[in-house]
Amino acid sequence: GINAEYGAPDELELAAKRIRQDLVDPTNDLPPRTSDLAAPIMHLTGHSAEVFTSKFGPFGDILASAGFDRQIFLWNVFGDCENIACLPGHKGAITQISFTKDGTHLVSAATDKSLALWDLEAGVRVRQFKSHQSFVNSCDVSGDPAMVCSASDDGTIKLWDSRRRHCVTTLNNQYQVTAVCFNEKGDSVVSGGIDNAVKIWDLKHKEASTLMKGHVDTVTSLALSPDGNYVLSNSMDNTLRMWDVRPFAPANRCVKVFVGAQHNFEKNLIRCCWSPQGTKVVCGSADRMVYVWDTASRKLLYKLPGHSGSVNDVDCHPNQPILMTCSSDKSIFMGELK
């Protein structure tokens, strides 16, 4: 009644309140929500073929996904996860995508031997980078104005200035290069390929300054830690390795090995990532599972089911405990971690 504001609420009011609380939480055993996702698990469908790569934008409000159907989809992360744009243009499967720091543009690498720079506001391709002689397997973006690095089956790593059409630097690796990422400063590039080695390339001298051995099969993914001190690599030898990439690190730079995630005959370039604080590492897997380890103890925390095909890429939301995975089952999952 009217006296709710000033005095003791009447019995009816209390009863109504009790019923409302029961409706909100009938059993009390639903886990508390940890994110702003519309539901604890969101399933995004719309791609017509395998999804090879998916990434959150730097502010966590949109995500992009791409793969064998040669188009990039942009989605809202929250609400009903509407598909807000579709960017066609590549003539081959898209192997990896990377947002610029300011979230205004996206770079994509593809098997059509090219990379593309997309203006997300306008939804158009503003630049095409052509110089590779074979499939482009991987790309990364660094700095402002954005520099782009790319890795290709032609055995080269190339550097591009996002404001220019032509390649700035070419690094020759001899063997096919399957993964690449910048270091924190953007003055060197880390690469991995079918020669199983992880290499740090000094961009000033255009040579591989550090060679890190340990993997015994193709390196499929590289990810720089949030603090910039370590690189995580995934390999077809079914291990992930954590490497110290600081300039004056000790000779044996491999500091940790994580096991569990699988590769198979499909030989997909299965990717890995770090959580935003670097406390967890995450990896896709050919056994349709997603693996999450505690970085410090190397303990497997989660082995997450849901996909019905190889899980090809994983990404952690920049500021909420949300994990995104994309798969050969043509779909994307977002789920909140406890």
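The notes below deal with the structure included here. In this text the structure is predicted, and so the values were computed from the model without any measurement.

**Here we look at the side chain of Lys158**
Assignment of secondary structure puts Lys158 in strand S12 (residues 156–161). As a buried residue without a salt bridge, Lys158 has its nearest oppositely charged side chain in Asp154, at a separation of 5.5 Å. Within the structure, the side chain of Lys158 is placed 3.1 Å from the side chain of Ser131, a separation counted as a polar contact. In this structure Lys158 touches Ser131, His132, Val148, Cys149, Ser150, Cys167, Thr169 and Thr170, once residues within four positions along its chain are discounted.

**Structural notes on the side chain of Asp237**
The residue Asp237 is located in the loop between strand S19 (230–235) and strand S20 (239–244) in this model. Despite its burial, Asp237 remains without a salt bridge, the nearest opposite charge being carried by Arg241 at 4.8 Å. Here the side chain of Asp237 touches Val216 through a polar contact of 3.0 Å, landing on its backbone nitrogen. When residues no more than four places from it in sequence are discounted, the contact partners of Asp237 are His215, Val216 and Asp217.

**Considerations on the pattern of salt bridges**
Side chains carrying opposite charge are able to pair once their charged atoms draw close together. Per the stated rule, a full pass over the model turns up six salt bridges. A salt bridge links Arg163 to Asp161, with the nearest nitrogen and oxygen atoms 2.9 Å apart. In this structure, Arg164 and Asp161 form a salt bridge, with 2.6 Å as the shortest nitrogen-oxygen distance. Within the structure, one salt-bridge network assembled from shared partners comprises Asp161, Arg163 and Arg164.

**A few points about the pairing of strand S10 (residues 136–142)**
In the case of a regular strand, side chains alternate between the two sheet surfaces. Counting buried positions along S10 gives seven out of seven residues, so the element sits mostly inside the fold. The pairing of S10 with strand S11 (residues 147–152) spans six bridges and is antiparallel. Bridging across to S11, Cys139 finds its partner in Ser150. Taking the residues that link successive antiparallel strands as the turn, the S10-S11 hairpin has four residues, and the phi of Gly143 there is positive, at about 75°.

**Quick word on the environment of Leu232**
On the secondary structure map, Leu232 appears in strand S19. When the C-alpha atoms of Leu232 and Ser297 are compared, they prove to be 15 Å apart, with 65 residues separating the residues in sequence. When near neighbours in sequence (up to four residues on either side) are disregarded, Leu232 contacts Ser221, Leu222, Ala223, Leu240, Arg241, Phe258, Cys272, Cys273, Trp274 and Val281.

**Examining the layout of surface pockets**
Roughly 1100 Å³ of internal volume is contained in the largest pocket. Lining the largest pocket are 40 residues, and of these Lys55, Lys101, Asp140, Leu224 and Asp315 lie nearest its centre. When residues of the lining of the largest pocket are traced back to their parent elements, those giving at least two are strand S2 (51–56), strand S6 (94–99), S10, strand S14 (177–182), strand S18 (219–224), strand S22 (272–274) and strand S26 (311–316). Take the lining of the largest pocket: its biggest share by element is five residues, from S10. Among the residues making up the lining of the largest pocket, the classes are represented as 21 nonpolar, 12 polar and seven charged.

Thresholds, definitions, all that
Residues numbered from 1 in each chain as written. Predicted model: local features only at pLDDT ≥ 70, side-chain atom pairs only at ≥ 80, totals over all residues. Heavy atoms only, no water. Helix = DSSP H or I, 4+ residues; strand = E, 2+ residues; numbered from the N terminus. Buried < 20%, exposed > 50% of the residue type's maximum accessible area, 1.4 Å probe, protein only. Lys, Arg positive; Asp, Glu negative; His and termini not counted. Salt bridge = Lys/Arg side-chain N within 4 Å of Asp/Glu carboxyl O. Polar contact = N/O pair within 3.5 Å; in protein donor to acceptor, adjacent residues only side chain to side chain. Contact = heavy atoms within 4.5 Å. Pairing = 2+ DSSP bridges. 1 Å grid on protein atoms, 1.4 Å probe; cavity = no way out; pocket = protein on both sides within 12 Å on 5 of 7 lines; lining within 4 Å. Points joined across faces, edges and corners; volume = space filled by probe spheres on them. Nonpolar A, V, L, I, M, F, W, Y, C, P; charged D, E, K, R; others polar.

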